[in-house]
Amino acid sequence: MAESRTPLLDELEKGPWPSFVTDMKKLAQRKPAVQDALGQLEMSYRDKKGHWKHGGIVGVRGYGGGVIGRYSDVGDVFPNVAEFHTMRVNQPSGWFYTTEKLRQLCDIWEAYGSGLTNFHGSTGDIILLGTVTQNLQPAFDALSEAGFDLGGSGSDLRTPSACVGPARCEWACIDTLDICHDLTNTFQDELHRPMWPYKFKLKIAGCPNDCVAAVARADLSVIGTWRDSIRIDREAVREYADGGLDVERAVVNRCPTGALSWNAEKKELGLKAEECNRCMHCINMMPKALCPGVERGATLLIGGKATILQTAFLSWVIVPFMKLEPPYEELKDLLRRIWEWWDENAKTRERVGELIYRKGMREFLRAVGLPPAPQMVFRPRANPYYFWWPEELEGNGHKEQG
């Protein structure tokens, strides 16, 4: 029996789960680039270092983003991956496809690329892995003919993404699909032409369950919510209790703000609506008895990101509630103000959350014209001093001290 050329990768084929290595080996039988990609990956596992090098700018006519240049630093050993560029393709809102379109995508990449795909990247795009420079423009032309566009890459607006929202989820408080589609069409220049200090991610979640993980990963998170009270079906609550659910232990005691109470004798659930932070735990536990309120919109948060310069950030609330109705001009105007301030003040490769951390939330809110709100405060201030702006003092009959 011939000795395997990829003994380390072979280990990933063992066990009960499907393996990307198995699929790559099948594809390698007709794609030399995939054969060399396997060889280079085996080398990386053995050397404990990656062999993709940075350098070289590639793209298609009229676009500054959407194509990620990738070159091998061992191209002399694996010539078929000396160039192995990635194309990011703008996914449909909510990741809904017809089988016809999926086949078109695969046929295009079979013709112009390695055949390797990733559905989907962390930003949301369709990822087409591995092609050479001369095939980029023909591949893009074929994608355009099929109705697809490139997504974002580099220092630009990354491809906006959204959960399935009202298409399949009963908790959706906003039309995530329409919002995502509208913003994508509106901000084409920002999406395709890198012109900012760094990338900006925009994700839309239909409810606070946040199935697109916007709060942790998006520079601006749009989270569907409601302004009034959770609606309670009292009879359905009793049915849950009669059916064996320990409402007090599993629901009430796990409310993070203590907004819920339980009358065990009457089997009644109490709610202090003003204390509710809309975490969705109680609704997830008793979906037949509880549901979001009627007055719906979105909470906007800013600054989510993984570790690059400063640290990992979860987003901060900047707008507790905004009614989101077409054509979404209030949201678009706020985005433009945020981008203008960020572009003016940020260092190279500084995300907007890092800039706010460096400059301060007060300066950010003032620059973009947003009022402070209690929802922005994690806990009450321990410091009793507040440093007023000079014009605020003058407006209240005080003069700035010299």
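Preceding this paragraph is the structure being described.
Source: prediction; values computed, not measured.

What counts, and where the lines are drawn
- Residues numbered from 1 in each chain as written.
- Predicted model: local features only at pLDDT ≥ 70, side-chain atom pairs only at ≥ 80, totals over all residues.
- Heavy atoms only, no water.
- Core = buried A, V, L, I, M, F, W, Y, C linked by side-chain atoms within 4.5 Å.
- Buried < 20%, exposed > 50% of the residue type's maximum accessible area, 1.4 Å probe, protein only.
- Helix = DSSP H or I, 4+ residues; strand = E, 2+ residues; numbered from the N terminus.
- Contact = heavy atoms within 4.5 Å.
- Pairing = 2+ DSSP bridges.
- Axes fitted to C-alpha atoms, helices over the stretch in contact; angles between N-to-C directions.
- Salt bridge = Lys/Arg side-chain N within 4 Å of Asp/Glu carboxyl O.
- Phe/Tyr/Trp six-rings, centres within 6.5 Å; stacked < 30°, edge-to-face > 60°.

Trainee: Mind laying out the nonpolar core, listing which residues take part and the relevant values?
Mentor: Grouped burial of nonpolar side chains is what soluble globular proteins tend to show. One finds Phe 200, Leu 220, Val 222, Ile 318, Leu 331 and Ile 338 to be the most contacted residues of the largest nonpolar core, which totals 38 residues. Ranked by residues supplied to this core, first place goes to helix 12 (residues 329-345) with seven residues. Apart from the residues within four sequence positions on either side, Phe 200 is in contact with Asp 156, Leu 157, Arg 158, Asp 219, Leu 220, Leu 335, Ile 338, Trp 339, Trp 342 and Val 352. Val 237, Val 247, Ala 259 and Leu 269 belong to the second largest nonpolar core, which has 25 residues in total.

Trainee: If you had to explain the sheet that holds strand 9 (residues 220-226) to someone new, which residues and values would you point to?
Mentor: Strand order in the open sheet formed by five strands is 7-8-9-14-15, with mixed pairing between adjacent strands. Among the strands making up the open sheet, the edge pair consists of strand 7 (161-162) and strand 15 (316-322). Note that strand 8 (residues 202-205) and strand 9 share four bridges and pair parallel. Its bridge partner being in strand 9, Ile 204 is matched across the sheet by Val 222. On the sheet, helix 6 (residues 176-186) packs against strand 7 and strand 8 and is oriented at approximately 160° with respect to strand 8. Set on the sheet, helix 12 makes contact with strand 8, strand 9, strand 14 (296-302) and strand 15; between it and strand 15 the angle comes to about 155°.

Trainee: Go over the sheet that holds strand 4 (residues 86-89) with me, naming the residues and quoting the values.
Mentor: Here we have four strands laid out as an open sheet, ordered 2-4-6-5, and antiparallel in their pairing. Here the strands that pair on one side only, and so sit at the sheet edges, are strand 2 (67-68) and strand 5 (116-119). Where strand 4 meets strand 6 (residues 126-129), four bridges bridge the pair, whose relative direction is antiparallel. When the sheet's bridge partners are listed, Val 89 is paired in strand 6 with Ile 126. Lying on the sheet, helix 4 (residues 99-112) is in contact with strand 4, strand 5 and strand 6; it crosses strand 5 at an angle near 145°.

Trainee: If you had to explain the pattern of salt bridges to someone new, which residues and values would you point to?
Mentor: Should their charged atoms come close, side chains of opposite charge can pair. Applying the stated criterion across every chain, the model contains 19 salt bridges. For Asp 10, the salt bridge is made with Lys 25, and the minimal N-O distance between the two is 2.6 Å. You can see Asp 10 sitting in helix 1 (residues 7-10) and its partner Lys 25 sitting in helix 2 (residues 20-28), a full 15 residues away along the chain. Residue classification places Lys 25 among the partly exposed positions, given a relative accessible area of 28%. Note that Arg 336 is salt-bridged to Asp 333, the shortest N-O span being 3.3 Å. Taken together, the residues span about one helical turn, with Arg 336 and Asp 333 both in helix 12 at a distance of three residues. Looking at Arg 336, the relative accessible area reads 38%, which means it is partly exposed.

Trainee: Could you give me a rundown of the packing of aromatic side chains, with the residues and numbers involved?
Mentor: Remark: the centre distance and the inter-plane angle together describe each pair of aromatic rings, the angle taken between the planes. This structure, assessed with the given rule, holds 12 aromatic pairs. Here the aromatic rings of Phe 200 and Trp 339 are separated by 5.6 Å at their centres, their planes lie at 90°, and the arrangement is edge-to-face. With Phe 200 in the loop between helix 7 (188-192) and strand 8 and Trp 339 in helix 12, the pair connects residues that are 139 residues apart, well separated along the chain. Each of the two residues, Phe 200 as well as Trp 339, counts as buried. Taken together, a centroid distance of 5.4 Å and an interplanar angle of 40° make the contact between Phe 313 and Tyr 357 tilted. Remark: Tyr 357 occurs in helix 13 (residues 352-359) and Phe 313 occurs in the loop between strand 14 and strand 15; sequence separation between them is 44 residues. Take Phe 313: its relative accessible area is 9%, and that puts it in the buried class.

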